[in-house]
Amino acid sequence: MPPDHLLRALTPQVLGALIRRFRDFAAAEDAVQEALLAAAVQWPRDGAPDNPCAWLTQVAVRRLTDHVRSESARRRRESEFTLELNQLSPGVDTEAPPGEDDTLILLFMCCHPALTQSSAIALTLRAIGGLTTAEIASAFLVPEATMAQRISRAKQSIKSSGVPFRLPDAGERAHRLQAVLHVLYLIFNEGYTTSAGPRLQRLELSTEAIRLARCVHNLLPNNTEVAGLLALMLLTDARRAARTGPDGELIPLTKQDRALWDRAEISEGVALLSDTLPRGSIGPYQLQAAIAAVHDEAARVEDTDWPQILALYDLLKRMSDNPMVILNHAIAAAMVHGPSKGLALLAPLDDDPRLAGHHRLDAVRAHLLEMAGDRQAAITHYRIAATRTISLPERNYLVAQAARLSALTPSPH
């Protein structure tokens, strides 16, 4: 694993160990950031240690120990902290108790009811997903400054609440579950289609989201939406190897080599879905998993059952006002009823502030205009979309689409 990927993957484990020990979220996060900086400087020069997690934890503990000691004079609990610090030695209490997972505990702690759901999700994306404030703001469709304030308030709320660092009981888990699932969904999405930078995918994020979804499923094996989310991740991740070309370029679903799709993941996802769908009410994750399964089970793009996908999106729209659902519903409608129908469904999104300036709206409109035969308008919207994304593979793909259509369109005389 490349060093930057390794550091990102280890961050939640180290952060969890420090929060469990020191019970100060903000100070623990600062100490972990200092440890990561030290690793980024030392490891390329000296080589990675045999136990990178223990190395990072030990350095972060030292940083936080220094911080607590410097603050202890201003704390009424000086003697308690001093006693704990004097007893602390490298390796002590840095491993999770048997049968527990620090990252999973951190996940549930960040989704504490002391926080609003949006703040809980934002904090967890930062602590576990390793996402930047800008990336989280993009996922929420809000300004970066707004998200920075939200995360800061969430850290303070966690500190003030005195929430213990432990896996919550069954009642507490049920109360926090919706936020937990949404966090894992967003972490997976950021790993599967990275919002910014030179890479289309961040494997370490999507892999960790799947791992944690499995952990939650093991905790709650009878919860159909937990199973639905895990199925959705597996059915989506199954296409990962076919989504990029030799140079990391984006390959759309319609052009992918389906022989590269991971059949084991597809089989597992379909089995999970088949087990959950007959067992009561159906939620949005199960519906999205069902849509992914329809795509995955088509041997060729021409075999895709678009009427079934459209029917599933019709149900999903009734459960969610997410503009991305409406966007995907418009694509499905275009595939069934023609591009004019899809374009008509896109029109209300022009007034949705959550999608103002978002590249996906222009990209989908360009695709549907191309289907309708309006090449010039399609070129315009492909180019607009390219200027609005900060993902290099997506930008390159959109620019290439515009160039392809330009080559097919006669120049006006």
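Below: a short report on this structure. What you see is a predicted model; the values in this text were computed from it and never measured. Position labels on residues start from 1 in each chain and follow its written sequence. Under the rules for a predicted model, residues below a pLDDT of 70 receive no local features and side-chain atom pairs below 80 are neither given nor counted, while totals for whole chains, interfaces and linings still include all residues. Each side-chain value is worked out from all heavy atoms of the structure, with water and hydrogens disregarded.

This brings us to the overall build of the chain. On a plain count of helices and strands, the chain comes out with 19 helices and 2 strands. Summary of the burial criterion: residues with accessible area below 20% of their type's maximum are buried, those above 50% are exposed, and those between are partly exposed, where the area comes from a 1.4 Å probe applied to protein chains only. Buried residues in the chain amount to 49% of all 413 residues. Carbon together with sulfur atoms contributes 54% to the accessible area of the chain, which is approximately 19600 Å² in total. In this text, helices come from DSSP runs of H or I with a minimum length of four residues, and strands from runs of E with a minimum of two, each type numbered from the N-terminal end. Here the accessible surface of atoms and residues is derived via Shrake-Rupley with a 1.4 Å probe, and residues count as covered only by protein chains that are part of the display.

As for its position among the elements, isoleucine 158 is in helix H8 (residues 144–161). Measuring from C-alpha to C-alpha, the distance between isoleucine 158 and proline 113 comes to 9.7 Å, with 45 residues separating the pair along the chain.

Below, the discussion takes up helix H14 (residues 306–319). What a helix should span is 1.5 Å times the count of its residues minus one. With 14 residues, H14 ought to run about 20 Å at 1.5 Å a step, and its terminal C-alpha atoms sit 20 Å apart, in line with that. In this structure, the buried residues of H14 make contact with helix H13 (284–296) and helix H15 (323–337). Put simply, aspartate 305 is the residue that caps the front of H14, since its side-chain oxygen is 3.2 Å from the backbone nitrogen of glutamine 308. In this description, contact between two residues means that some pair of their heavy atoms is separated by no more than 4.5 Å. Definition of a polar contact: a pair of N or O atoms within 3.5 Å, with one able to donate and the other able to accept a hydrogen when the atoms are protein atoms, and with sequence-neighbouring residues admitted only if both atoms are side-chain atoms.

Before going further, it helps to examine the nonpolar core. The biggest cluster of nonpolar side chains holds 97 residues, and the ones touching the most others in it are Leu18, Phe25, Leu106, Leu125, Leu184 and Val216. Looking at this core, the element that brings in the most residues is helix H9 (residues 170–192), giving 11 residues. Boundaries of every domain are those given by an automatic assignment or by a domain database. The residue makeup of this core includes at least three contributed by each of domain 1 (3–98) and domain 2 (101–164 + 171–192 + 200–220). Residues contacting phenylalanine 25, with those up to four places away along its chain left out, are Leu15, Ile19, Leu106, Met109, Cys110, Leu123, Ala127, Lys155 and Ile158. In terms of nonpolar packing, the next biggest core, distinct from the first, is built from 11 residues, Ile379, Ala385, Ala402 and Leu405 among them. Each nonpolar core is a collection of buried residues, namely Ala, Val, Leu, Ile, Met, Phe, Trp, Tyr and Cys, held together in the definition by side-chain atoms within 4.5 Å.

Bringing the packing of helix H12 (residues 263–276) against H13 into the picture now. Every axis in this analysis is a line fitted to C-alpha atoms, fitted for helices over the stretch in contact. Angles between the N-to-C directions lie between 0 and 180 degrees. In the contact formed by H12 and H13, the axes pass within 10 Å of each other and the chain directions differ by 135°. One way to sum up the angle between H12 and H13 is to call them oblique. Crossing angle aside, the handedness with which H12 passes H13 is left-handed. Here Arg263, Ile266, Val270, Leu273 and Thr276 of H12 come into contact with H13, specifically with Gln286, Ala289, Ala290, Ala293 and Asp296. As a working rule, the residues Ala, Val, Leu, Ile, Met, Phe, Trp, Tyr, Cys and Pro are called nonpolar, Asp, Glu, Lys and Arg charged, and the rest polar, with Gly in that last group. Its residues assigned to classes, the contact of H12 with H13 comprises 6 nonpolar, 2 polar and 2 charged. Roughly parallel means an angle under 35 degrees; roughly antiparallel, over 145; roughly perpendicular, 65 to 115; everything else is oblique. Handedness of a helix crossing follows the sense of rotation of the near helix relative to the far helix, less than a right angle counterclockwise being left-handed and clockwise being right-handed.

Purely geometric numbers; function is a separate question.
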